[in-house]
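Chain by chain, the residues:
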Amino acid sequence: MVGRSYFTRQATTLLKFAKSTSNPDLAAVLIEKAADLKSQVDETMPPDPSPLAPDVEPVHQSRPHLK
């Protein structure tokens, strides 16, 4: 199954191409396609779990400490 990050990368690539072209019609089409990808992802896929903030430590199962 193709994930959210794949579609995000595709939309990012389309936007990069849009910025690099000197053809305004092509840029508009690429931006529209990127927006379509984003809205499709927003409608159909649950969000990726967000990374932890730098000051948050992951919770580990309790283990006896060795002395």
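Residues numbered from 1 in each chain as written. Predicted model: local features only at pLDDT ≥ 70, side-chain atom pairs only at ≥ 80, totals over all residues. Heavy atoms only, no water.

J.: Please clarify how the packing of helix α1 (residues 4-20) against helix α2 (residues 24-44) should be interpreted in this entry.
T.: For any two helices packed against each other, one specifies the inter-axial angle together with the distance between the axes. At a minimum axis distance of 8 Å, the contact between α1 and α2 shows a crossing angle of 165°. As far as their axial angle goes, α2 and α1 are roughly antiparallel. Both α1 and α2 take part in a crossing whose hand is left-handed. Where α1 approaches α2, its residues R4, F7, Q10, A11, L14, L15, F17 and A18 are matched on the opposing element by A27, L30, I31, K33, A34, L37, V41 and D42. Among the residues forming the contact of α1 with α2, the class breakdown is 12 nonpolar, 1 polar and 3 charged. (Axes fitted to C-alpha atoms, helices over the stretch in contact; angles between N-to-C directions. Helix = DSSP H or I, 4+ residues; strand = E, 2+ residues; numbered from the N terminus. Parallel < 35°, antiparallel > 145°, perpendicular 65-115°, else oblique. Left-handed = near helix turned anticlockwise from the far one by under 90°. Contact = heavy atoms within 4.5 Å. Nonpolar A, V, L, I, M, F, W, Y, C, P; charged D, E, K, R; others polar.)

J.: Whenever I open this one, the environment of K38 confuses me. Can you help?
T.: Tracing the backbone shows K38 in helix α2. Here K38 falls in the exposed class, since its relative accessible area comes to 51%. Spatially, the C-alpha atom of K38 lies 7.0 Å from that of A11, the residues being 27 residues apart in sequence. (Buried < 20%, exposed > 50% of the residue type's maximum accessible area, 1.4 Å probe, protein only.)

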